[in-house]
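Analysis of the macromolecular model
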Amino acid sequence: MALVRVISSDGAAFLVSQRLAKRSGKLKTEIETFRKSSDNSEAQPEIRIVTIRAEILRLVLQWLQQHQNDPVLPANQNEQDGRGDAEMGQSQWDRDFLAPMDLGIVMELILAANHLEVKGLLDITCKLVESKITGRTVDEIRTAFKLKSDFKGNEEEQTRLENRWCVEN
Amino acid sequence: MAEILPTNSPLFNHLVLEKVLNYLEFSDLKTFRLVCIFWHQVSSPYFVSQAKIYLEGTSLEQLVSNESSSANSLRLIPFEYYTIKINSLLSTNDGVKILWSTIHNNIKYLTLHVTTVYAKKELKWLLLYNLPLLKKVKIFVMKYWGTLEENLDNSAILQEPGEDVQTNSSLQSFQLSYLGSMSWYGYEEGGNEFSFPIPWIRFFRRFSSLSHLALIGVAAQDVAEMIESFGEVAAGSNTPLKNLEILDENSFPEIPNDEHLGSLANLSQHNHFESLHLEISPLTTITILSNLLENNADTLKTLRLRRYPHPYLAMMPITLAIELQHVAFLEISDSLTPSLSFLPHMPALKTLHIILRDYRNLPACEIIHNTPNPQRVSHGGVTNLYIEPPLISRSCIEKLAICFPALETLQIRLSNEMMHELCTQAVTWKKLNSLHITSWDGLTDEGITGISCEILKFWGGYSSFEARKHRKNPSIGNIKSLTSLTIEMWADYENHISDWSVYYGILDLTNLQHVTLIRTEISNTAFKAIPVKKKVLVD
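The name recorded for chain B in an unreviewed UniProt entry is F-box domain-containing protein, from Orchesella dallaii.

As named in an unreviewed UniProt entry, chain A is S-phase kinase-associated protein 1, taken from Orchesella dallaii. The record held by UniProt for chain A lists under Sequence similarities (unreviewed entry) the comment "Belongs to the SKP1 family." Among the UniProt annotations of chain A, the heading Pathway (unreviewed entry) holds the following wording: "Protein modification; protein ubiquitination."

Description of the overall build of chain A
Within chain A, the secondary structure is distributed over nine helices and four strands. For chain A, the α and β elements follow one another from N to C terminus as β-β-α-α-β-α-α-α-α-α-α-α-β. Going through the 169 residues of chain A one by one, you find that 44% of them count as buried. Across chain A, every contact between residues at least 6 apart in sequence was considered, and the portion connecting residues at least 24 apart equals 63%. Working note: accessible area of chain A is about 9,100 Å², and carbon and sulfur atoms make up 47% of it.

Points about the domain arrangement of chain B
Domain assignment breaks chain B into domain 1 (1-50) and domain 2 (409-539). Using only C-alpha atoms to locate each centre, domain 1 of chain B and domain 2 of chain B end up separated by 42 Å.

Some remarks on the packing of helix α11 (residues 258-267) of chain B against helix α12 (residues 286-295) of chain B
Residue and element names in this part refer to chain B. Two elements in contact, α11 and α12, have axes whose closest approach is 8 Å; the angle formed by their N-to-C orientations is 25 degrees. Judged on the interaxial angle alone, α12 and α11 are roughly parallel. The handedness of the crossing between α11 and α12 comes out as left-handed. On α12, the residues that touch D258, L261, G262, L264 and A265 of α11 are I288, N291, L292 and N295. Of the residues that constitute the contact of α11 with α12, the class distribution is five nonpolar, three polar and one charged.

Side note on the pattern of salt bridges
All names here are of chain A. Tallied over the full model, the rule gives 16 salt bridges over all chains. Close ionic contact of K26 with E30 constitutes a salt bridge, the shortest N to O distance being 3.7 Å. With K26 and E30 both in helix α2 (residues 25-37) and four residues apart, this pair spans about one turn of that helix. For K26, a relative accessible area of 25% corresponds to the partly exposed category. A residue is classified by how much of its surface remains accessible, and E30, at 30% relative accessible area, is partly exposed. Among the ionic pairs, D139 bridges to R142, the shortest N-O distance being 3.5 Å. With D139 and R142 both in helix α8 (residues 138-145) and three residues apart, the pair spans about one turn of that helix. Residue D139 is classed as exposed on the basis of its relative accessible area of 52%.

Comments concerning the interface of chain A and chain B
The interface is formed by 49 residues belonging to chain A together with 48 residues belonging to chain B. Of the roughly 4,500 Å² buried at the junction of chain A and chain B (both faces included), carbon and sulfur atoms supply 63%. For the pair chain A and chain B, the number of links is one salt bridge. Elements supplying a minimum of two residues to the side of chain A that touches chain B: α6 (103-116), α7 (119-133), α8, α9 (155-165) and β4 (166-168) of chain A. Of the residues contributing to the side of chain A that touches chain B, the split by class is 18 nonpolar, 15 polar and 16 charged. Two strands pair when backbone bridges link them, and β4 of chain A and strand β1 (residues 51-55) of chain B are joined in this way by three bridges, in the antiparallel orientation. Bridge assignment links C166 of chain A to a residue of β1 of chain B, and that residue is I53 of chain B.

Observations regarding the UniProt feature "domain: SKP1 component POZ" (unreviewed entry) in chain A
Mapped onto the present numbering, the UniProt feature "domain: SKP1 component POZ" (unreviewed entry) falls on residues 4-69 of chain A. Secondary structure content for residues 4-69 of chain A is 45% helix and 18% strand, while the C-alpha to C-alpha distance between its ends is 19 Å.

Here we look at the UniProt feature "domain: SKP1 component dimerisation" (unreviewed entry) in chain A
Those places that UniProt annotates as "domain: SKP1 component dimerisation" (unreviewed entry) correspond, in this numbering, to residues 119-166 of chain A. Secondary structure content for residues 119-166 of chain A is 71% helix and 2% strand, and the end C-alpha separation is 32 Å.

Digging into the UniProt feature "domain: F-box" (unreviewed entry) in chain B
According to UniProt, the "domain: F-box" (unreviewed entry) feature falls on residues 16-43 of chain B. Between the first and last C-alpha atoms of residues 16-43 of chain B the distance is 12 Å; the span itself is 71% helix and 0% strand.

Focus: the pairing of strand β2 (residues 13-17) of chain A
Residue and element names in this part refer to chain A. As paired strands, strand β1 (residues 3-7) and β2 are joined by five bridges and run antiparallel to one another. Looking at β2, one finds that L3 is bridged to S17. From the end of β1 to the start of β2, which pair antiparallel, there are five residues, and G11 there has a positive phi angle of about 90 degrees.

A closer look at the sheet that holds β2 of chain A
Residues and elements named next belong to chain A. On the basis of which strands lie adjacent, the open sheet formed by three strands has the order β2-β1-β3 and mixed pairing. Each edge of the open sheet carries a strand with a single partner, namely β2 and β3 (46-48). Within this sheet the neighbouring strands show an average axis-to-axis angle of 25 degrees, counted without direction. Bridge count for β1 against β3 is three bridges, and the pairing is parallel. Residue pairing in the sheet places I7 in a bridge with R48 of β3. Against the sheet, helix α3 (residues 54-66) touches β1 and β2, its axis set at about 10 degrees to β2.

How each quantity is defined
Residues numbered from 1 in each chain as written. Chains lettered and ligands numbered in written order. Predicted model: local features only at pLDDT ≥ 70, side-chain atom pairs only at ≥ 80, totals over all residues. Heavy atoms only, no water. UniProt positions renumbered as here; feature names shortened; annotations may be inferred. Helix = DSSP H or I, 4+ residues; strand = E, 2+ residues; numbered from the N terminus. Buried < 20%, exposed > 50% of the residue type's maximum accessible area, 1.4 Å probe, protein only. Contact = heavy atoms within 4.5 Å. Areas by Shrake-Rupley, 256 points an atom, 1.4 Å probe, with all protein chains shown as cover. Domains from an automatic or database assignment. Axes fitted to C-alpha atoms, helices over the stretch in contact; angles between N-to-C directions. Parallel < 35°, antiparallel > 145°, perpendicular 65-115°, else oblique. Left-handed = near helix turned anticlockwise from the far one by under 90°. Nonpolar A, V, L, I, M, F, W, Y, C, P; charged D, E, K, R; others polar. Salt bridge = Lys/Arg side-chain N within 4 Å of Asp/Glu carboxyl O. Buried area = accessible area lost by both parts, 1.4 Å probe. Pairing = 2+ DSSP bridges.

Listed below in structure tokens is the structure:
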């Protein structure tokens, strides 16, 4: 089985099958580039992901492992509205996978899924964050994401006024 | 608002937040931008692209109040879409200046509602004020039905912007609808008290890039002046105005009259239109209409003719013995043509819409039924067909298949009997990929599945094999080419479909990608079973 070494920003190395790695658009491109530039067809590619730390990379690879037999979603699927259909691909395993995660980790996963071009993971993580915002008040969202208001003077009041004037186009 | 630079935290990462924004509904987007300054700034472009500023009453008062910071806010955020309902406020102080000066650097699309009392002054200001980015304007002038208090309307004291008004080369589309003088069957309510606020010649010279002009329900005199002025401008130079709509909302339309059509025909000798949308009245002289169309035959690509059915002023069907070589889109009222044989020869026709004008009742449309030899009127090139009125059931679908063999999209009202015919015609319509069905005169599971309702009730809950074995008619599953399906039910005791339509019909459509079910009784379980990416269930 052909393997590839994927190294995180903090130096942790993960040895995974090339078949599994190629389910990430980014890793697939990197492997193919390595193949073209390498004289030795048996050489094991090594890919450094300088933007993703080990904890997050491990989660991405874990998700890919679970979904290795799913059909690959094209990167431009539902490009018109910029969103995929997370409900279609979300299994009980996905829900259990995301359930214990802190929202900060989920948002790091979004960044990683986007960088590594893993469409299915991007969809379910974005959907999870969306569910923490949909139908909630501003204070509830600030509590959920541990954020504080940093508006100055009447800026927040002004934004509320604009909101009152705005309707969906 | 101070600019916040992104940090390493994913909560303050543009990329992450922009991905999440794609998933938010507009109401949640409003909350999102209130969380903190960074989220506000990241979401602003999304918000602005989806939002329309709606100003009326109190909000308009707040905006034009000099003490409010609202005006500053609107100046800073580049909102492009505005809907404004003007009341007396703007006319009684300098509000009009504040309004346009506040938004003039951003506004691109404007829908303006204004009552007749203030319309003339307000529109004059709108038309003369320099709104450099304005692309599209829709104005609805409504009759003022209330009683005026003394001195309420002192708009006359406002100073005009002056005669030295710059040319505006951004405006491409202008629509003016006068909704003040509705008449029914000749009874006129109030009369037309509105007239266009500036000379039309000045309008055309100011908006030199206008490509689309729509006048709906305006006075006949205004239409005549518009055509005369446009003729003057068009005679001197090439104008981009190629799309013209002249319509009336009354059952006895006053515009366009023969004089208008004749003038348009004359000016079409040197300015050709690409799109015409006209109201036809029983008094229209068809030879004048023919002249107009003939003079534009080399350029006309879209033709829309409509007519309100009149109870006692019968109108002969229009017969246009001309060839419109380039018309690809035709929309025509059902009351204008008795059969497909009466349509002009249009070899390039791709899209045909047969529409209703009177929604108060739905008499069966006889256009297809009355077409004697469908083989002889074949519109082989038509790929998109929309028939808004209900058809007579008998053999209409079969005739449609002969007349329009190359259909790709079809929107139609169907009963069970017609649904069965449609499923049979799947053999002819091999490229039919989009179907929008509206229920009519009894559309049930029997129509969609081809299995009688009795069998479905008896076998449905136990064995799909048994139910399918007793299928008497073809099911919607026969139309294998379908990729998009919309079923719109007007649910009553005659029209109702349920989960059986999904299990014994829709699930057999293996190429389906989009499903929209409107006012059906399909359960969430059955709906979830439809294996397509894009599906919508509307109550």
